Amino acid sequence: MDALAPDTPALPLDAQGILELAARSMFHLFSSVSQGMFLVDLSGRIVWVNEGYQRFLPELGLTHVDQFLGHMVEDVIPNTQMRRVLETGEAVLIDLLTNRAGTFVVSRIPLRGDDEQVIGAIGIVLFDHPETTLQPLISKFALLQRDLDDARRELAVQRGRQLRAGSGDGTRRARHTFASFVGSSPAAAEVKRQARRAAQSSSPVLLLGETGTGKELLAHAIHAASARAAGPFVSVNIAAVPDTLLEAEFFGVAPGAYTGADRKPRDGKFKLADGGTLFLDEIGDMPQSLQAKLLRALQEGEIEPLGSNQLVPFDVRVVAATSRDLSALVREGTFREDLYYRLHVLPLRVPPLRERRSDIPALVELLGEDMALRNGTATPELRPDALALLMGQPWRGNIRELRNVLEQAAMRSESQSIDAEQLTRILRETGVEPAAPLAEAAPAVADDRALLRPLAEQVAEVEQRAIAAALRASAGNKQAAARALGISRATLYGRLENPE
Ligand SMILES: Nc1ncnc2c1ncn2[C@@H]1O[C@H](COP(=O)(O)OP(=O)(O)OP(=O)(O)O)[C@@H](O)[C@H]1O
Ligand SMILES: [Mg+2]
């Protein structure tokens, strides 16, 4: 089997011999292709340096090899990490070292004695001037980095789209929980408390409040906290569906109901929401003919699909919302009184933003983060005077308007941080005549009667005011706000999330 001629130089027969040969060959390879090598002993003293390395000595400020050999490695090579290799016994196969002599691609390998103990280390300069020698690698890396950045941005946009898509009609999943309803002011805490209670019951809930106050968000949260959370959450925006189509939208169309091509049999929202929650948004805009049918459905627990003469039972919890003054509509006669009372079992008044100004800093922070996520860009920081200005505005459009102003601010500001002056300009440009900042806007309440309330409530209010002030002063920085209040950051978070 031995194919080698007897005079061919043979490999050593023992494994150890082969290893030594390989090590020697590799050492020669490294020493010829690398830019330079040196060895240190266990104490970190340089005991050997090759010819190649010696040309770096002048750049290290050394005129003779004697100033290098025999010296401690960190005394002659600034920023070297050789000592770590000696201490840990772990090789660093590739690293960048920068010091006064330039930037180098280096390798550091521990040397082990017969008993495997580290006895020294070898330092290798693989390349000097990596910016030129490694150019192909660096440009490839830059390309990959760019692709990665693009992918990250795309992902952020898609996430934003998903978030937005969830707000369309007919969504089958509640996107928000009570934690998404930001606010620790007494007014916000109270509406959350009532909504949590409502979630426990199966009666209809009526959410009343100005536009943009978070009614839809609360409807999602009530569903998510209810026993029906695992069931569907289906919403109908009554104002957005033409009156003629609403009945089919609500109750569905039975097969063979119409000969017309435009009405195919389909399930109505009541059917789709079976076992879950049906959110009737803008209920104040419901046409009268349908009000009677809705009332009957709610009373009987049965619906009659269009073109069918069969009653179908449903198991749906109704949450309705409107920004209109429903009791005034009843007085005017445009909203049926009996339906009003049917829906009015658990009415919740969602407070406007100007009744919960202390929530503005936290909302600004949340909306800023959300915008950053959707647009993949950094949002500008508001300086304390700008935040005070925001807190003083009447916010007729409530949180939706606040979001718009912040979006405008992000688009229009030239700098990363926005002060009151810039914000005033931005508010004017978006058609809002700014009101005074909060400090001047809020009259002091010195009325004794205002103090004849439960002490715990008043203490909680003062606490919330102090937290809002600290957040304002620290431009939303919670660490700094907690420090200013002499409480831990965890306590501050606790108060912000769970003020009750
Ligand atoms: N407390 C809150 N915390 C965080 N975001 C909120 C809060 N309230 C409202 N928002 C946000 O403000 C925007 C408007 O809220 P939502 O759509 O729930 O208002 P609405 O009361 O249904 O308004 P409209 O009557 O105009 O339909 C949404 O983007 C919502 O996520
Ligand atoms: Mg709404």
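Residues numbered from 1 in each chain as written. Chains lettered and ligands numbered in written order. Predicted model: local features only at pLDDT ≥ 70, side-chain atom pairs only at ≥ 80, totals over all residues.

Under the annotation held in an unreviewed UniProt entry, the chain carries the name Sigma-54-dependent Fis family transcriptional regulator and is attributed to Simplicispira suum.

Student: Is there a simple way to think about the overall build of the chain in this case?
Tutor: Of the regular secondary structure elements, the chain holds 21 helices and 14 strands. Counting only residues that meet the buried cut, the chain has 28% of its 500 residues in that class. Intrachain contacts of the chain at a sequence separation of at least 6 include 67% that bridge at least 24 residues. (Helix = DSSP H or I, 4+ residues; strand = E, 2+ residues; numbered from the N terminus. Buried ≥ 20, exposed ≤ 12 C-beta atoms within 10 Å, placed from the backbone. Contact = placed C-beta atoms within 7 Å.)

Student: What is the right way to look at the sheet that holds strand β12 (residues 346-349) in this model?
Tutor: Whenever strands of a sheet pair, they do so through backbone hydrogen bonds, lying parallel or antiparallel. On the basis of which strands lie adjacent, the open sheet formed by five strands has the order β7-β8-β11-β6-β12 and parallel pairing. Of all the strands in the sheet, the pair left with one neighbour each is β7 (233-237) and β12. Shown here is a sheet whose adjacent strand axes are inclined to one another by a mean of 20°, direction ignored. Where strand β6 (residues 205-208) lies against strand β11 (residues 317-322), four bridges are found, and the strand directions are parallel. By the bridge assignment, L207 is partnered in β11 with A321. Helix-sheet contacts for helix α8 (residues 215-224) involve β6, β7, β8 (277-281) and β11, and the interaxial angle to β11 is about 165°. (Pairing = 2+ DSSP bridges. Axes fitted to C-alpha atoms, helices over the stretch in contact; angles between N-to-C directions.)

Student: How should the sheet that holds strand β1 (residues 36-41) be read in this particular structure?
Tutor: The five strands lie next to each other as β2-β1-β5-β4-β3, forming an open sheet whose pairing is antiparallel. In this open sheet, the two strands that pair with only one neighbour each are β2 (46-49) and β3 (92-99). Across the sheet, the axes of successive neighbouring strands diverge by a mean angle of 25°, strand direction being ignored. Bridge analysis of β1 against strand β5 (residues 118-128) gives six bridges, and the strand direction is antiparallel. Along β5, the bridge assignment pairs L39 with I122.

Student: It is not clear to me how the nonpolar core should be interpreted in this structure. Could you clarify?
Tutor: Proteins that are soluble and globular tend to have nonpolar side chains buried together. Membership of the largest hydrophobic core comes to 43 residues, with the highest contact counts inside it found for L207, I222 and L348. Of all the elements in the fold, those that place two or more residues in this core are α7 (186-200), β6, α8, β7, α9 (243-251), β8, β11 and α13 (337-343). Each residue touching I222, except ones within four places of it in the same chain, is listed here: A195, A198, A199, V205 and V319. By size, the runner-up hydrophobic cluster in this structure holds 28 residues, among which are L423, L438, A481 and L496. (Core = buried A, V, L, I, M, F, W, Y, C linked by C-beta atoms within 7 Å.)

Student: Just checking my understanding: could you explain the site of ligand 1 for this structure?
Tutor: With respect to spatial proximity, 16 residues lie near ligand 1, and among them V182, T211, G214, K215 and E216 are the closest. Of all the secondary-structure elements, those providing two or more residues to the shell around ligand 1 are α8, α14 (360-375) and α16 (398-412). Ranked by the residues each element gives to the shell around ligand 1, the list is headed by α8, at three residues. Two domains each put at least three residues into the shell around ligand 1: domain 2 (178-351) and domain 3 (354-442). (Near = placed C-beta within 6 Å. Domains from an automatic or database assignment.)

Student: Got a minute to help me understand α8 in this structure?
Tutor: With respect to burial, α8 is a largely interior element, nine of its 10 residues being buried. Inspection of α8 places K215, L217, L218, A219, H220, A221, I222, H223 and A224 among the buried residues, and these make up the whole buried set. Against α7, β6, β7, β8 and β11 lie the buried residues of α8.

Student: I keep staring at the pairing of β2 and nothing clicks. Help me out?
Tutor: On any regular strand, side chains alternate: one points to one face of the sheet, the next to the other face. Two elements, β1 and β2, share three bridges in a ladder whose sense is antiparallel. When the sheet's bridge partners are listed, L39 is paired in β2 with W48. The turn joining β1 and β2, which pair antiparallel and follow one another in sequence, is formed by four residues; a positive phi near 90° is taken by G44.

Student: I would appreciate a short explanation of the confidence of the model for the chain in the present structure.
Tutor: Close inspection of predicted coordinates is inappropriate for parts of the model with low pLDDT. When pLDDT is averaged along the chain, the result is 84; 86% of the residues meet or exceed 70. Note that residues 167-171 has pLDDT below 50 and, in this model, nine contacts with residues that lie over four places away or in other chains. This model gives residues 440-447 a pLDDT under 50, and the stretch forms four contacts once residues within four places in sequence are excluded. (pLDDT = per-residue confidence, 0-100.)

Student: Where do I start with the packing of α7 against α8 in this structure?
Tutor: One can describe the packing of α7 onto α8 by two numbers: an axis separation of 8 Å at closest approach and a directional angle of 45°. Classified by the angle between their axes, α7 and α8 sit oblique to one another. Read as a crossing pair, α7 and α8 show a hand that is right-handed. Listed contacts from α8 to A195, A198 and A199 of α7 are L218, A221 and I222. Residue composition of the contact of α7 with α8, by class: six nonpolar, no polar and no charged. (Parallel < 35°, antiparallel > 145°, perpendicular 65-115°, else oblique. Left-handed = near helix turned anticlockwise from the far one by under 90°. Nonpolar A, V, L, I, M, F, W, Y, C, P; charged D, E, K, R; others polar.)

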